[in-house]
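Structure assessment
Residue strings, one per chain:
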Amino acid sequence: MASVQLTLDKRAKKKDNTYPLKFTISHAGRTAQIPADVALLPEHWDSTKRRVIVRADKYLLNAQLTARLNDIERAILQLRMEGKIKACTAIQL
């Protein structure tokens, strides 16, 4: 069963000490990541609630991230309903 969540990729530290935020898709024991085109300091990210907690634009940013997450989940659901999800890898999703 496929799932998607937002994660702060602490393996990819940038020069400004921020880390990229990514949509992590897990399916059939594999994972793939889609960049969210947002970089945050670790203290600006709540890893439990998976939300931006410190930024002037946090409400707008969280709304945009939630909308993109919903789009990805909707696409996964569509593939599941069409019976095509078993033939897909995490990268293909």
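Please read all numbers here as calculations on a predicted model, not as lab measurements.

Time to look at the overall build of the protein chain. Helix and strand content of the protein chain: one helix and five strands. Listed N to C, the secondary structure of the protein chain is β-β-β-β-β-α in terms of helices and strands. The principal-axis extents of the C-alpha atoms in the protein chain amount to approximately 40 × 25 × 20 Å. Counting over 93 residues, the protein chain shows a buried share of 34%. Here the contacts in the protein chain between residues at least 6 apart in sequence split such that 39% fall between residues at least 24 apart. For the protein chain, the distance from the average site of its 17 positive side-chain charges to the average site of its 9 negative ones is 4 Å.

A separate point is the sheet that holds strand E1 (residues 3–8). Strand order in the open sheet formed by three strands is E1-E2-E3, and the pairing between neighbours is antiparallel. With one partner strand each, in any of the chains shown, E1 and strand E3 (30–40) form the two edges of the open sheet. Put simply, the sheet's adjacent strands are angled 20° from each other on average, direction ignored. Sheet analysis places strand E2 (residues 19–27) next to E3, joined by nine bridges and oriented antiparallel.

Here the focus is the pairing of E2. Across the nine residues that make up E2, a large majority, eight, are buried. Inspection of the sheet shows E1 paired to E2 by six bridges, in the antiparallel sense. Bridge pairing links Val4 to Ile25 in E2. Between E2 and E3, which pair antiparallel one after the other, the connecting turn spans two residues, and Ala28 there sits at a positive phi close to 55°.

Let us now look at unusual backbone geometry. Within the chain, Ala28 stands out as a residue other than glycine whose phi angle is a positive 55°. Topologically, Ala28 is positioned in the loop between E2 and E3. Looking at Ala28, the relative accessible area reads 66%, which means it is exposed. Phi angles above zero are rare outside glycine, and Arg50 is one such case at about 55°. Structurally, Arg50 can be placed in the loop between strand E4 (45–46) and strand E5 (51–52).

So, about the nonpolar core. Core analysis: the largest hydrophobic core is formed by 19 residues, its most contacted members being Val4, Leu21, Phe23, Leu40, Trp45, Leu65 and Ile76. Setting aside anything within four residues of it in sequence, one finds Leu65 in contact with Leu6, Leu21, Phe23, Ala36, Val38 and Val52.

Another point: the pattern of salt bridges. Per the counting criterion, the structure on display carries five salt bridges. Salt-bridge contacts for Asp71 lead to Arg74; the nearest nitrogen and oxygen are separated by 2.8 Å. Taken together, the positions of Asp71 and Arg74, both in helix H1 (residues 58–81) and three residues apart, correspond to about one turn of that helix. A relative accessible area of 53% places Arg74 in the exposed class.

Scoring rules and cut-offs
The written sequence of each chain sets the order in which its residues are numbered from 1. For this predicted model, a pLDDT threshold of at least 70 governs which residues receive local features, and a threshold of 80 or more governs which side-chain atom pairs are given and counted, while totals over whole chains, interfaces and linings are taken from all residues. Only hydrogens and water are set aside when side-chain values are computed; all heavy atoms of the structure are taken into account. Elements are defined by DSSP. Helices are runs of H or I of four residues or more, strands are runs of E of two residues or more, and each kind is numbered from the N terminus. For the exposure calls, accessible area comes from a 1.4 Å probe over protein chains only, and a residue counts as buried if that area is under 20% of its type's maximum, exposed if over 50%, partly exposed in between. Contacts are assigned to residue pairs that have any heavy atoms within 4.5 Å of one another. Here Asp and Glu are counted as negative and Lys and Arg as positive; His is not counted, and neither are the chain ends. Where a charge lies is defined by one atom per residue type: Lys uses NZ, Arg uses CZ, Asp uses CG and Glu uses CD. Think of it this way: DSSP has to see at least two bridges between two strands before they count as a pair. A fitted line through C-alpha atoms serves as each axis, taken over the contacting stretch for helices, and the angle formed by two N-to-C directions is quoted from 0 to 180°. Nonpolar cores are built from buried Ala, Val, Leu, Ile, Met, Phe, Trp, Tyr and Cys residues. Side-chain atoms within 4.5 Å join them into one set. One side-chain nitrogen of Lys or Arg within 4 Å of one carboxyl oxygen of Asp or Glu is enough to make a salt bridge.

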